[in-house]
Amino acid sequence: MELIILFVVLAGLMFFMSQRTRKQQKQQAEFRSQLAPGQEVMTGSGLFGTVVEVDEANDTVTIESTPGSQTRWLRAAIAKRVDTPVEEAADATDETDVTTDSAATGTITSGDGHIDVPDDLSSLDTAQREYREQQRRDEGEAGTTK
């Protein structure tokens, strides 16, 4: 009886593990079927390049790794798509705006705009308290000089 229970448990484990593997394989196949020219990809061997052409009949993909250097790969050799980082907008806020906004969100900054990052979390509360006390003193001095 114990032997039957052991086989049932092992069969259940094998089923769930193979189900996960099948799901991953299905996602990879779907990714490879959606390859299009212009996408940046990485092959299984680590070659980065841009898809130039997809040949559905031969199940191959032409990749350009450097300008003028094109190579053909089996579609199955493409491991993943590489997302290019988003460029910062030209009209992004400058540093003075960031330090002004960051004080409202709780970032600890000194008078020269330098961000003070504590070495560990235990000093974070102490640093924030000291910073707030310094702000109160500075505001009090500014209020008395006016």
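To be clear, the structure that these remarks concern was listed above.
What comes next is a walk through the structure. (Residues numbered from 1 in each chain as written. Predicted model: local features only at pLDDT ≥ 70, side-chain atom pairs only at ≥ 80, totals over all residues. Heavy atoms only, no water.)

### Points about the nonpolar core
Core analysis: the largest hydrophobic core is formed by 8 residues, namely Phe31, Leu35, Val41, Val51, Val54, Val61, Ile63 and Ile78. Elements represented by at least two residues in this core include exactly strand 2 (48–55) and strand 3 (60–66). Filtering out sequence-adjacent residues up to four positions away, Val41 remains in contact with Leu35, Leu47, Phe48, Gly49, Val51, Ile63, Ile78, Lys80, Arg81 and Val82. (Core = buried A, V, L, I, M, F, W, Y, C linked by side-chain atoms within 4.5 Å. Buried < 20%, exposed > 50% of the residue type's maximum accessible area, 1.4 Å probe, protein only. Helix = DSSP H or I, 4+ residues; strand = E, 2+ residues; numbered from the N terminus. Contact = heavy atoms within 4.5 Å.)

### With respect to unusual backbone geometry
Positive phi outside glycine occurs at Asp59, with the angle close to 60°. By relative accessible area, Asp59 is classed as partly exposed at 38%.

### A word on the side chain of Thr60
Note on placement: Thr60 falls in strand 3. Note on Thr60: relative accessible area 9%, which makes it buried.

### Quick notes on a nonpolar patch on the surface
Where nonpolar side chains cluster on the molecular surface, the patch consists of Met1, Leu3, Ile4, Ile5, Leu6, Phe7, Val8, Val9, Leu10, Leu13, Met14 and Met17 and spans about 1,300 Å² of accessible area. Mapped onto the elements, Leu3 comes out in helix 1 (residues 2–33). On the basis of relative accessible area, Leu3 is assigned to the exposed category, the value being 53%. (Patch = residues over 30% accessible without salt bridge, like charges linked within 9 Å, V, L, I, M, F, W, Y side chains within 5 Å. Areas by Shrake-Rupley, 256 points an atom, 1.4 Å probe, with all protein chains shown as cover. Salt bridge = Lys/Arg side-chain N within 4 Å of Asp/Glu carboxyl O.)

### Things to note about the sheet that holds strand 4 (residues 69–74)
With respect to topology, 5 strands assemble into an open sheet ordered 4-3-2-1-5, the strand pairing being antiparallel. Each end of this open sheet is capped by a strand with a single partner; those strands are strand 4 and strand 5 (78–81). Looking at each pair of strands side by side, their axes are set apart by 45° on average, direction ignored. Across 6 bridges, strand 3 lies against strand 4 in antiparallel orientation. Opposite Val61, over in strand 4, you have Trp73 as the bridge partner. (Pairing = 2+ DSSP bridges. Axes fitted to C-alpha atoms, helices over the stretch in contact; angles between N-to-C directions.)

### Description of the packing of aromatic side chains
All told, the structure shown has 1 aromatic pair when counted by the stated rule. Taking 5.5 Å as the distance between ring centres and 65° as the angle between the ring planes, the aromatic pair formed by Phe15 and Phe16 counts as edge-to-face. A relative accessible area of 44% means that Phe15 is categorised as partly exposed. Owing to a relative accessible area of 57%, Phe16 belongs among the exposed residues under this scheme. (Phe/Tyr/Trp six-rings, centres within 6.5 Å; stacked < 30°, edge-to-face > 60°.)

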